[in-house]
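A look at the structure
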Amino acid sequence: LHLAAMRGGADPWARGFMLAHFGMFILWQPFLQGNLRLGFSAAAAIFGAAALILLGLNWWLLALWVAMLAGIVGGKVFVFQQRWIRTFYLLVLAYLVALLLLWIVPRGLSSTFLEPILQPMAMWGLPALFVVMLALRIESSEAEPQIVDLFYSMLIFLLLVGLVLGSFAFMTIGQINYGLSVSYSVLTLGAMLMALGLLWNPRAGFAGLSVFFSRYLLSVGLPLEQWLHFLAELSRSENQPQQFLRKAAQGLSKLQWVSGGVWHTPDESGEFGQKTEHSIDFRSADFELRIFSRWRPSPALAWHFNVLGHLLAQFYIAKQREVKLREQSYVQAVHETGARLTHDVKNLLQSLNVLCSAAEQENSDSAAFHAMVRRHLPAVTQRLQRTMEKLQRPTLETGRFMRPDVWWEQVQRTFQHPAVRFEANIESTTALLPRDLFESAADNLINNALEKRRIDSSVQVVVRLECGSTMRFSVTDTGKPVRPEIARGLFLGPVPSDTGYGIALYQIYRQAEAHGFGLQLTANEPGNVCFELAPRDG
């Protein structure tokens, strides 16, 4: 290249040197791999360029070629990490820029007066850079990637073109010499680059041009916002993961650069569109996707596809989690219903045990025994019937209401015990209480208090019902208080229990929430342990 530039564009020897230089460039070029077989179009382009060199080489064609070569070399400078290789390519870039500005452009401008010192500097000074390149101790670059940064290459090429055209404009308009016009062009471009640098990453005020440029890069080749909107709408309308994945894959075919695809999951697979020779693969733990493109995908397009694949995989995983959460919610509802009904059955068995014990101890023909049986058996039968209905329909019943005075009479008949005292203050008989909630609370709270009496025979139980402006039901016993470590988690979930503070209170607490009530441990002292069921706003 140096010999061709020194000889001049019209010299036959220069054209021969330039043709040899072009052949060496083809061997070095970083765009096509050396093991690829050239097609007809690539071969035609090479022969066309060679014919142009032999027939039409001039100073401006030589200047255009040197500017393009400087852009390619400049695009490779930012790829290498090794210091000596980067230094080598920076020297090559400095040589090309100096050759363009000090020799080729002044020769192309016939009216340009060339300083006498520039000719020997270009002829003998520039080759001194070759000696420095040879002196650099660099390792083999075979392992380095042959990649050119297109953005930096275009930027350097356009800067050189702007520098040459700006110099020509200063010479023509200002009637100044070439050296001064080049200086003005360099200072002008430097000021513009400095201003762009400040706007790119400003230190006061707005976010800068880098944010807008990054946003633009995120949408190159892939309408990201439209794709996200499509996935969000499809996620709202489709609940089944496989159906969602199938429709989302069909939506991929609407993208301009997608011709078809194939997807696989552990349970199902499918395909859409047409298959081509160009494809990109995406794999995750439970999802595989292959996209076929109409053209060979660039690295930027492959990166965009990874974003697309991640979004689709995340939405698919979210749909799978929704299904699992629905299944777990159903299992939890069945479990809670079964646990609640288990305690209902346990309370019924306790009532039957009371009747059996009375039958063993008392005369079966006595009037007292017959009166007790008449009181208890209908109530046990009704409660057993309601328990069977809940078992057949495992939902929380909220439509069973009862007058407080009627319910209070049933509680007194059911829990007749020497250690249980009943106190009531029913001011309003027209109010209604949720029957299932109050029956579950009465059964469990009174039975838990009586369990303490089995351990300590001195325990007394007081059952109170207030029905006025608010409705309150409480059970107080004189036994030992609930241990602090158990009291802290009493209504948050099942707790270990020796006297009945297990899952029953947790179930009553959840049932009370559904009815607008709250269950609290209002007193927890030796000789005064009180559980109260009252409205939350009271």
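In this report, we go over the structure that sits alongside the text. Being a predicted model, the structure only gives us computed values, none of them experimental. Numbering of residues starts from 1 in every chain and runs along the sequence as written. Per-residue local features are limited, in this predicted model, to residues with pLDDT of at least 70; the limit for side-chain atom pairs, both in listing and counting, is 80 or more; totals at the level of whole chains, interfaces and linings are taken over all residues. Hydrogens and waters are ignored; side-chain quantities use all the structure's heavy atoms.

1. Some thoughts on the overall build of the protein chain
- Counting from the N terminus, the helices are DSSP H or I runs at least four residues long and the strands are E runs at least two residues long. A tally of helices and strands in the protein chain yields 18 helices and 11 strands.
- Of all 538 residues assigned to the protein chain, the portion counted as buried reaches 39%.
- Any two residues whose heavy atoms approach within 4.5 Å are treated as being in contact. For the protein chain, contacts bridging at least 24 residues in sequence account for 65% of all contacts bridging at least 6.
- By element, 60% of the accessible surface of the protein chain is carried by carbon and sulfur atoms, the whole surface being about 31400 Å². Each residue gets one of three labels from its accessible area relative to the maximum for its type: buried under 20%, exposed over 50%, partly exposed in between, using a 1.4 Å probe on protein chains only. Exposure was quantified through the Shrake-Rupley algorithm and a 1.4 Å probe, taking into account, for residues, occlusion by the shown protein chains and nothing else.

2. Examining the sheet that holds strand 4 (residues 288–293)
- Any two strands with at least two DSSP bridges between them are considered paired. Taken in spatial order, the 4 strands make up an open sheet running 2-1-4-3, and their pairing is antiparallel. Across the chains shown, the open sheet's two edge strands, defined by having one partner strand only, are strand 2 (269–273) and strand 3 (278–283). Neighbour-to-neighbour, the strand axes of the sheet open up by a mean angle of 10°, direction not taken into account.
- Across 6 bridges, the pairing between strand 1 (residues 258–264) and strand 4 is antiparallel. Across the sheet, residue His264 finds its bridge partner in strand 4, namely Glu288. A fitted line through C-alpha atoms represents every axis, and for helices the fit uses only the stretch in contact; the resulting angles, taken between N-to-C directions, go from 0 to 180 degrees.

3. Brief notes about helix 9 (residues 178–200)
- Given a helix with a known number of residues, its expected span is that number minus one, times 1.5 Å. Spanning 23 residues, helix 9 covers 32 Å between terminal C-alpha atoms, matching the ideal 33 Å at 1.5 Å per step.
- Inspection of helix 9 places Tyr178, Ser181, Val182 and Ser185 among the buried residues, and these make up the whole buried set.
- Next to the buried residues of helix 9 lie helix 5 (83–108) and helix 8 (150–174).

4. Thoughts on the environment of Gly251
- Relative to the elements of secondary structure, Gly251 occurs in helix 12 (residues 241–252).
- By relative accessible area, which is 7% here, Gly251 ends up buried.
- Residues Gly251 and Trp227, spaced 24 residues apart in sequence, show a C-alpha to C-alpha distance of 8.6 Å.
- With sequence-adjacent residues up to four places away left out, Gly251 is seen in contact with Trp227 and Phe230.

5. Comments concerning the packing of aromatic side chains
- Centres within 6.5 Å are what make two rings of Phe, Tyr or Trp a pair, Trp counting through its six-membered ring; a difference in plane orientation under 30 degrees is then read as stacked, over 60 as edge-to-face, and the rest as tilted. Scanning the model with the defined rule gives 17 aromatic pairs in all.
- Consider the rings of Phe22 and Trp65, whose centres lie 6.0 Å apart with planes at 65°: the pair is edge-to-face. Residue Phe22 is found in helix 2 (residues 12–28), and its partner Trp65 is found in helix 4 (residues 59–77); the two are separated by 43 residues along the sequence. Across the pair, exposure class does not vary: Phe22 and Trp65 are buried alike.
- Summarising the aromatic geometry, the rings of Trp407 and Phe438 are spaced 5.6 Å apart at their centres and angled 85° between planes, so their arrangement reads as edge-to-face. Of this pair, Trp407 sits in helix 15 (residues 404–414) while Phe438 is found in helix 16 (residues 435–455), placing the two residues 31 residues apart along the sequence. Both residues of the pair, Trp407 and Phe438, belong to the buried class.
- Each residue in the set Trp407, Trp408, Phe422, Phe438, Phe473 and Phe517 is aromatic and connected to the rest through ring pairs, giving one cluster.
- We call a charge positioned over a ring when the NZ of a Lys or the CZ of an Arg lies within 6 Å of the ring centre and within 35 degrees of the ring normal. In this arrangement the basic side chain of Arg107 is found over the ring face of Trp103, its NZ or CZ atom lying 4.1 Å from the centre.

6. Some remarks on a nonpolar patch on the surface
- Residues Phe31, Leu32, Leu36 and Leu38 make up a contiguous nonpolar surface patch of about 410 Å² in total accessible area.
- Considering the arrangement of structural elements, one finds Leu32 in the loop between helix 2 and helix 3 (40–56).
- The class of Leu32 is partly exposed, set by a relative accessible area of 44%. Distance thresholds for patches are 9 Å for like charges and 5 Å for nonpolar side chains (Val, Leu, Ile, Met, Phe, Trp, Tyr), applied to residues having over 30% relative accessible area and no salt bridge. The term salt bridge refers to a side-chain nitrogen of Lys or Arg lying within 4 Å of a carboxyl oxygen of Asp or Glu.

7. Thoughts on the sheet that holds strand 9 (residues 471–477)
- Strand order in the open sheet made by the 5 strands is 6-8-9-11-10, with mixed pairing throughout. Single-partner strands in this sheet number two, and they are strand 6 (420–426) and strand 10 (517–525). Within the sheet, the average angular offset between the axes of one strand and its neighbour, ignoring direction, is 15°.
- Both strand 8 (residues 461–467) and strand 9 contribute to a ladder of 7 bridges, which runs antiparallel. Across the sheet, the residue bridging to Val463 is Val475, located in strand 9.
- Against the sheet, helix 15 makes contact with strand 6, strand 8 and strand 9, and its axis sits at roughly 175° relative to strand 6, the strand it touches most.
- Sheet contacts for helix 16: strand 6, strand 8, strand 9, strand 10 and strand 11 (528–535); angle to strand 9, the most-contacted strand, approximately 15°.

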